[in-house]
Amino acid sequence: MSTGKTRKHTALPKAKILIEALPWLTRHHGKTVVIKFGGNAMVNDELKAAFAQDVVFLRHAGLKPVVVHGGGPQISAALDRQGIPTEFKAGLRVTTEEAMDVVRMVLAGHVQRELVGLLNQHGPFAVGLTGEDAHTITATKHRPEIDGQLIDIGRVGQITEIDTGAIEALLADGRIPVVSSIARSQDDGHVYNVNADTAAAALAAALGAETLMVLTDVEGLYEDWPHSDEVISRLTASQLEKLLPELSSGMAPKMEGCLFAVRNGVTTARVLDGRVQHSILLEIFTDEGIGTMVVPDDFAQGGAV
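For clarity, every value in this text was computed on a predicted model and none was experimentally measured.

> Teacher, can you tell me more about helix α8 (residues 252-262) here?
Residues lying three or four places apart along an α-helix face the same way, a consequence of the helix completing one turn every 3.6 residues. Within α8, 9 of the 11 residues are buried, which leaves it mostly tucked inside the rest of the structure. Those residues of α8 not exposed but buried are Ala252, Pro253, Lys254, Met255, Gly257, Cys258, Leu259, Ala261 and Val262. Its buried side turned inward, α8 meets β1 (32-37), α6 (196-207), β12 (211-216), α7 (237-243), β14 (268-273) and β15 (292-295).

> Even after reading the chapter, I still don't get the pairing of strand β2 (residues 64-69), so can you show me in this structure?
Consecutive side chains along a regular strand alternate between the two faces of the sheet. Counted residue by residue, β2 has 5 buried out of 6 residues, so it is predominantly covered. Where β1 lies against β2, 6 bridges are found, and the strand directions are parallel. Across the sheet, residue lysine 36 finds its bridge partner in β2, namely valine 68. Handedness of the crossover joining β1 and β2 through helix α2 (residues 45-60) is recorded here as right-handed.

> What am I meant to see in the pattern of salt bridges here?
It is possible for side chains of opposite charge to pair when their charged atoms get near one another. A complete count under the given rule lists 15 salt bridges for this structure. Of the charged contacts in the structure, one is a salt bridge between lysine 36 and aspartate 197, with a shortest N-O distance of 2.9 Å. Here lysine 36, found in strand β1, pairs with aspartate 197, found in helix α6; they are 161 residues apart in sequence, far enough to count as distant. Residue lysine 36 is classed as buried on the basis of its relative accessible area of 8%. The exposure class of aspartate 197 is buried, given its relative accessible area of 5%. Each of Lys36, Asp197 and Lys254 takes part in a single network of salt bridges with overlapping partners.

> What's the story with the confidence of the model for the protein chain in this structure? I'm lost.
Taken as a whole, the protein chain shows an average pLDDT of 88; of its residues, 92% reach a score of 70 or greater. At the low end of the mean pLDDT range in the protein chain sits helix α1 (residues 3-28), at 73; at the high end sits helix α5 (residues 165-172), at 98.

Here is what the cut-offs are and how they apply
- Residues numbered from 1 in each chain as written.
- Predicted model: local features only at pLDDT ≥ 70, side-chain atom pairs only at ≥ 80, totals over all residues.
- Heavy atoms only, no water.
- Buried < 20%, exposed > 50% of the residue type's maximum accessible area, 1.4 Å probe, protein only.
- Helix = DSSP H or I, 4+ residues; strand = E, 2+ residues; numbered from the N terminus.
- Contact = heavy atoms within 4.5 Å.
- Pairing = 2+ DSSP bridges.
- Right-handed = clockwise from strand over helix to strand, strands pointing away.
- Salt bridge = Lys/Arg side-chain N within 4 Å of Asp/Glu carboxyl O.
- pLDDT = per-residue confidence, 0-100.

Here is the structure:
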């Protein structure tokens with residue numbers, strides 16, 4: 001076989017992969033996608049690099065990606081180094097004034113900077129900001145209920161308002177906003193630690209995003225965990241709402257975020273396994289997709305996603 005024929009033969013599968021992506025590229029072109037970055041993808045160097053490649057690919061493919069991140073493992077490690085105890089109540093980190101200083105430093109000064117750096121290896125794209133900047137995220141003190149009692153867990157915020165002006169300006173300029181889940185206070189001049197899943201969902205709704213994507217350390221929402229590892233590939237908002245009381249404390253805020261998003265104008269919300277390299281591209285640009293997708297109740301059966 002000649003060299004020319006060999007080249008044609010080996011290149012053909014690549015062409016088929018690109019063509020498979022064409023309808024999805026057309027469908028998502030110009031649309032905003034909010035991605036919650038978390039789990040193993042945040043701490044594994046290969047996964048971090050693949051995540052950055054995926055996000056830059058989305059931007060080059062004509063989408064408008066917005067990244068929202070927390071930093072649970074990094075915060076816990078930093079608190080431990082400073083001798084500050086880590087405590088969780090109602091699935092949320094108890095955040096004292098002292099701990100809040102560490103949270104702010106880790107999220108805005110370490111995790112965000114690293115992620116911005118990884119994205120900007122591919123061009124002058126990423127710009128970091130926190131919810132404090134330009135009043136992007138405003139919150140009041142959150143008091144969760146345990147056994148019928150409202151409890152004080154410190155500087156943990158409940159989002160009351162989103163101002164998308166700064167993010168929209170960055171998107172219009174072709175940039176990739178990277179948002180740390182810290183909020184300004186509505187009423188007392190302090191800052192708040194807010195759950196990154198909740199922040200991503202609120203931003204997706206406020207931006208009128210096409211898609212919310214939440215990276216996790218599981219394959220998706222399981223049908224009957226721990227008795228089965230069968231993943232639910234698609235469900236409606238009402239179906240998800242019925243399942244919420246049974247979910248683990250780790251999965252609950254992710255799925256609550258998905259539910260909020262699709263009930264507030266986001267077309268689809270997806271939970272993906274961030275341990276799989278290029279999971280974002282697999283979900284958006286292939287026929288099969290991976291993970292669990294949540295759609296509004298009135299979403300047409302079999303409609304385009």
